[in-house]
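Each chain is listed here by its residues.
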Amino acid sequence: MNKVRVRQLWFAATLLLSLFLMLIPLPGPLTPFKPYWPALILLYWCLQSGDRVTLGLAFCLGVGADLFDGVLLGEQALRLTAMVFIALRFRSRLRFFPMWQQSLAVLGLLLNDRVLLLLIRVFAGDPLPPPEYWISPLVGAALWPFVFLILDDLRARLRIHDT
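Scoring rules and cut-offs
- Residues numbered from 1 in each chain as written.
- Predicted model: local features only at pLDDT ≥ 70, side-chain atom pairs only at ≥ 80, totals over all residues.
- Heavy atoms only, no water.
- UniProt positions renumbered as here; feature names shortened; annotations may be inferred.
- Helix = DSSP H or I, 4+ residues; strand = E, 2+ residues; numbered from the N terminus.
- Buried < 20%, exposed > 50% of the residue type's maximum accessible area, 1.4 Å probe, protein only.
- Contact = heavy atoms within 4.5 Å.
- Areas by Shrake-Rupley, 256 points an atom, 1.4 Å probe, with all protein chains shown as cover.
- Lys, Arg positive; Asp, Glu negative; His and termini not counted.
- Charge placed at Lys NZ, Arg CZ, Asp CG, Glu CD.
- Expected span 1.5 Å × (residues − 1).
- Phe/Tyr/Trp six-rings, centres within 6.5 Å; stacked < 30°, edge-to-face > 60°.
- Polar contact = N/O pair within 3.5 Å; in protein donor to acceptor, adjacent residues only side chain to side chain.
- Patch = residues over 30% accessible without salt bridge, like charges linked within 9 Å, V, L, I, M, F, W, Y side chains within 5 Å.
- Salt bridge = Lys/Arg side-chain N within 4 Å of Asp/Glu carboxyl O.
- Core = buried A, V, L, I, M, F, W, Y, C linked by side-chain atoms within 4.5 Å.
- Axes fitted to C-alpha atoms, helices over the stretch in contact; angles between N-to-C directions.
- Parallel < 35°, antiparallel > 145°, perpendicular 65-115°, else oblique.
- Left-handed = near helix turned anticlockwise from the far one by under 90°.
- Nonpolar A, V, L, I, M, F, W, Y, C, P; charged D, E, K, R; others polar.

- The name an unreviewed UniProt entry gives the protein is Rod shape-determining protein MreD, with Luteibacter rhizovicinus DSM 16549 as the organism.
- UniProt, in its Sequence similarities (unreviewed entry) section for the protein, records the words "Belongs to the MreD family."
- Recorded in UniProt for the protein, the comment headed Function (unreviewed entry) runs: "Involved in formation of the rod shape of the cell. May also contribute to regulation of formation of penicillin-binding proteins."

### Comments concerning the overall build of the protein
Then, number 1: Looking only at helices and strands, the protein has seven helices and zero strands in total.
Then, number 2: If you list the helices and strands of the protein from N to C, you get α-α-α-α-α-α-α.
Then, number 3: With respect to the three principal axes, the spread of C-alpha positions in the protein is 50 × 30 × 30 Å.
Then, number 4: For the protein, with 163 residues in total, the buried portion stands at 40%.
Then, number 5: Long-range pairs, those at least 24 residues apart, make up 69% of the contacts in the protein between residues at least 6 apart in sequence.
Then, number 6: Carbon together with sulfur atoms contributes 71% to the accessible area of the protein, which is approximately 9200 Å² in total.
Then, number 7: Computed over 15 positive and 10 negative side-chain charges, the separation of the two mean positions in the protein equals 11 Å.

### Structural notes on helix 2 (residues 37–48)
Then, number 1: In this model helix 2 runs 17 Å from its N-terminal to its C-terminal C-alpha over twelve residues, within 8% of the 16 Å that 1.5 Å per residue would give.
Then, number 2: Taking burial as the measure, the twelve residues of helix 2 include twelve buried ones, the bulk of the element.
Then, number 3: Turning to helix 2, its buried residues are Trp37, Pro38, Ala39, Leu40, Ile41, Leu42, Leu43, Tyr44, Trp45, Cys46, Leu47 and Gln48.

### Considering the packing of aromatic side chains
Then, number 1: Per the counting criterion, the structure on display carries six aromatic pairs.
Then, number 2: Taking 5.8 Å as the distance between ring centres and 50° as the angle between the ring planes, the aromatic pair formed by Phe20 and Phe68 counts as tilted. With Phe20 in helix 1 (residues 3–23) and Phe68 in helix 3 (residues 55–69), this residue pair connects regions lying 48 residues apart in the sequence.
Then, number 3: Under the relative-accessibility criterion, Phe20 is labelled partly exposed at 44%.
Then, number 4: For the pair Trp144 and Phe148, a centre-to-centre distance of 5.7 Å together with 50° between the ring planes defines the contact as tilted.

### What about the side chain of Ser49?
Then, number 1: Structurally, Ser49 can be placed in the loop between helix 2 and helix 3.
Then, number 2: With a relative accessible area of 2%, Ser49 lands in the buried category.
Then, number 3: Only 3.1 Å separates the side chain of Ser49 from the side chain of Asp51, close enough to count as a polar contact.

### A closer look at a nonpolar patch on the surface
Then, number 1: Nonpolar side chains collect at one region of the surface, where Leu16, Phe20, Leu23, Leu67, Phe68 and Leu73 lie side by side and expose about 590 Å² of accessible area between them.
Then, number 2: Of all the elements in the fold, those that place two or more residues in the nonpolar patch are helix 1 and helix 3.
Then, number 3: The leading source of residues in the nonpolar patch is helix 1, at three residues.
Then, number 4: Residue class for Leu67 comes out exposed when judged on its relative accessible area of 61%.

### Some thoughts on the nonpolar core
Then, number 1: Ranked by internal contacts, the top residues of the largest apolar core, which has 32 residues, are Leu42, Trp45 and Trp144.
Then, number 2: Within the residue set of this core, elements represented by two or more residues are helix 1, helix 2, helix 3, helix 4 (75–89), helix 6 (99–123) and helix 7 (135–157).
Then, number 3: When residues of this core are assigned to their parent elements, the largest contribution, ten residues, is made by helix 2.

### A few points about the packing of helix 2 against helix 4
Then, number 1: The geometry of helix 2 relative to helix 4 is characterised by a closest axis approach of 10 Å and an angle of 25° between their N-to-C directions. Here helix 4 runs roughly parallel to helix 2, going by the angle between their axes. For helix 2 against helix 4, the interelement crossing comes out right-handed. Touching Pro38, Ala39, Leu42, Leu43 and Cys46 of helix 2 are Leu80, Met83, Val84, Ala87 and Leu88, all from helix 4.
Then, number 2: Here the residues of the contact of helix 2 with helix 4 are counted per class, giving ten nonpolar, no polar and no charged.

Right, dumping it as structure tokens:
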């Protein structure tokens, strides 16, 4: 298989994996600790390969996540598109932050995502969520260094480098 094909398969496989990770059920008390996997994987690709990740791709992945998760169609598409827009806008700065600063930036992006989700849900007529609603972005930010390093290590082992 040629290198371009391997790169495309690896990219698609990680995005598909993020959708499947999103579907893993957790016991009731642990549900608030579930990170938003599609956002974390898209953020990784935004930082590593900004030319591959577009707003259209974020929208399509979000629609797929909506269909997988069974939520309001377009909800996750809007959230992922907004997140990718911000990440691509500040990509040149974020790439060179130390890992702890990247984690803080990811926390900010995930908190922004939660605020957007809160607005969508409140406008849809849902009640305000409990305080545990805000735990997921903290878990995502704590997992960021591990997600980044694991994906980066696998990419290096597969010798997949963007030109």
